[in-house]
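Remarks on the overall topology
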Amino acid sequence: MALAACPECDLLLNRHQAVVGEKAHCPRCGYLLQRPTKQSVERTLALSIAGLILIFPANLLPLVGIKILGNSHDGTLWSGVFTLFSEGMWAVAILVFLSSMCFPMLNILLSLFVSFHLHFKKPSKYLSVWLRWLQHLEEWAMLEVYMLGIIVACVKLASMAEVQFGLGLYAFIALIIINGMLTSNLDGYLFWQQVRQLNKTHEN
Amino acid sequence: MKTKAGALNQGLIRCHDCGILSQLNTHSCPVCASHLHARLPHSLQRTAALVISGYTLYLPANLFPIMTVTRLGTGEPHTIVGGIFALIDSDMVPVALLVLVASILVPVIKLLGLTLLLLSVHFRLPINARFWTIIYRIIAFVGRWSMLDIFMITILVSLVNLGGVAQVIAGPAATAFASVVVLTMFAATSFDPRLIWDNPNAYD
């Protein structure tokens, strides 16, 4: 049992260790304090390796293509950023690049580093920095929003052109699923606990 | 009675990143070395500044064309609202509703909700703290989905790029709209929901 505070209403709490299948909510404001998952560290490691593999086809292969009057044209994640940039919309291009390519990649790399070090009990002075960045960058990786954008764009295009789905789209969908599993699997409370223990044993 | 339950009233500060409690006069977290603040620094001022910038940019985002669609030489600029009407005209009402929610309703609700939160904290209005914490949580969650329109334009711009046959060009409103989304996301993260509970006139 340890003292803790709710991050959203500052209620002082006596924390019991929650068990897998339970959810710990703040009794005053209802904030989800912790949802323990089975083998959180190992699964995070496995899922981030899977994500790292999927990132390459999702980024490099064409997502969707169109055919208008015999002209066909493919689009990748990168070509969208590049076209925006060359049209002079550099601010939007940078934002799209960060939220659809850079941050998802960073998220996966950071969860890989953290879970690797926790699983193999390798202490590192960067562990808390990685975990902190992971927490802050999470909401800026917007793959699932991009997917919705693809759907709306396809609906708009369907009336004027023939839309074809590329191989990259399947990798992209798989990446979104892996990313979602990664987010729901990562038990922040447990990770910080383990980082704390690992660094403490390392110091002694 | 309820204000006594806060960790700050017991002389404890929660680390924003790792959640460990420290004594009131500690400056950096003993576990993750990040700076400790009882509440997010200048939360109200920062959020207010970001919300006001958000309101200001919301006007050009809706008044200027967000993209220009050229087909066989004749082009017509679309605003965000115009794009929604175009979808309704082509009998795609569900998708039109999706775009309406993501790019019109969500930014407005976010800006208005944050304004009300700021006013209630600043003027210590007697509000239901639990209810407004939930409102805050919704605001923080839905923010990223507004990027839908930006991603859709990115895809259209890169795909429909066939010179004279058909071309989509992003308009100035895209930059303004992307700024609104980013500003409101920053506004939501810089608002400290614990301030709702610090208000002595609030009840739960």
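These numbers were taken from a predicted model, which means no experiment stands behind them. Starting from 1, residues in each chain are numbered consecutively following that chain's sequence as written. Chains and ligands are labelled by the order in which they are written, letters from A for the one and numbers from 1 for the other. Predicted model: local features are reported for residues with pLDDT of at least 70 only, side-chain atom pairs are reported and counted for 80 or more only, and whole-chain, interface and lining totals are derived from all residues.

So, the pairing of strand 6 (residues 71–75) of chain A
In summary, the side chains of a regular strand alternate between the two faces of the sheet. All names here are of chain A. Operational definition: Note: two strands are recorded as paired if DSSP finds a minimum of 2 bridges between them. Numbering of helices and strands runs from the N terminus, with a helix taken as a DSSP run of H or I at least four residues long and a strand as a DSSP run of E at least two residues long.
Sheet topology places strand 5 (residues 64–68) next to strand 6; five bridges connect them, and they run antiparallel. Note on strand 6: the bridge partner recorded for I68 is N71. The hairpin formed by strand 5 and strand 6 contains two residues between the paired strands, and L69 there has a positive phi angle of roughly 45°.

Re the domain arrangement of chain B
Put simply, the rule reads: Start and end points for every domain follow an automatic or database-based domain assignment.
Looking at the assigned domains, one finds that chain B contains domain 1 (1–38) and domain 2 (42–198). Measuring from the centre of the C-alpha atoms in domain 1 of chain B to the corresponding centre in domain 2 of chain B gives 34 Å.

Here we look at the sheet that holds strand 6 of chain A
Residue and element names in this part refer to chain A. For the record, the criterion: Axis definition: a line fitted to C-alpha atoms, limited for helices to the stretch in contact. Angles are taken between N-to-C directions and run from 0 to 180 degrees.
If you trace the three strands from one edge of the open sheet to the other, you get 6-5-7, paired in antiparallel fashion. Both outer strands of the open sheet, strand 6 and strand 7 (162–165), are each paired with one neighbouring strand and no more. The sheet shows a mean angle of 20° between the axes of neighbouring strands, taken without regard to direction. Of the strand pairs in this sheet, strand 5 and strand 7 are connected by four bridges, and their pairing is antiparallel.

A short note on the packing of helix 2 (residues 80–89) of chain B against helix 3 (residues 93–122) of chain B
The relative placement of two packed helices comes down to the angle between their axes together with the axis-to-axis distance. All names here are of chain B. What counts here: Here the word oblique covers every angle except those under 35 degrees (roughly parallel), over 145 (roughly antiparallel) and from 65 to 115 (roughly perpendicular). Each helix crossing is assigned a hand: it is left-handed if the near helix lies turned anticlockwise from the far helix by less than a right angle, otherwise right-handed if that turn is clockwise. Contacts are defined on C-beta atoms placed from the backbone: any two residues whose C-beta positions lie within 7 Å are in contact. Charged residues are taken to be Asp, Glu, Lys and Arg, nonpolar residues to be Ala, Val, Leu, Ile, Met, Phe, Trp, Tyr, Cys and Pro, and polar residues to be all remaining types, Gly included.
Where helix 2 meets helix 3, the axes come as close as 8 Å, and the angle between the chain directions of the two elements is 165°. Relative to helix 3, helix 2 is oriented roughly antiparallel. Helix-helix and strand crossings are classified by hand; for helix 2 and helix 3 the assignment is left-handed. Contacts from I80, G83, I84, L87 and I88 in helix 2 reach V93, V95, A96, V99, L100, S103 and I104 in helix 3. A class-by-class count of the residues in the contact of helix 2 with helix 3 yields 10 nonpolar, two polar and no charged.

A closer look at the environment of A24(A)
Relative to the helices and strands, A24(A) resides in strand 3 (residues 24–25). Every residue in contact with A24(A), bar those within four places of it in the chain, is listed here: A18(A), L33(A) and Q34(A).

Thoughts on the sheet that holds strand 4 (residues 74–78) of chain B
Residue and element names in this part refer to chain B. One open sheet accounts for three strands, arranged 4-3-5; its pairing is antiparallel. In this open sheet, the two strands that pair with only one neighbour each are strand 4 and strand 5 (166–170). On average, each strand axis in the sheet is inclined to that of its neighbour by 15°, with strand direction left out of account. As defined by bridge partners, strand 3 (residues 67–71) adjoins strand 4 across five bridges and the pair is classed as antiparallel. Residue pairing for strand 4: V69 is matched across the bridge by E76.

A few points about the confidence of the model for chain B
Stated precisely, the cut-off is as follows: The quantity known as pLDDT measures the predictor's confidence residue by residue, on a range of 0 to 100.
Averaged over every residue, the pLDDT of chain B is 89; the share at 70 or more is 98%. In the model output, the complex is listed with pTM 0.91 alongside ipTM 0.90.

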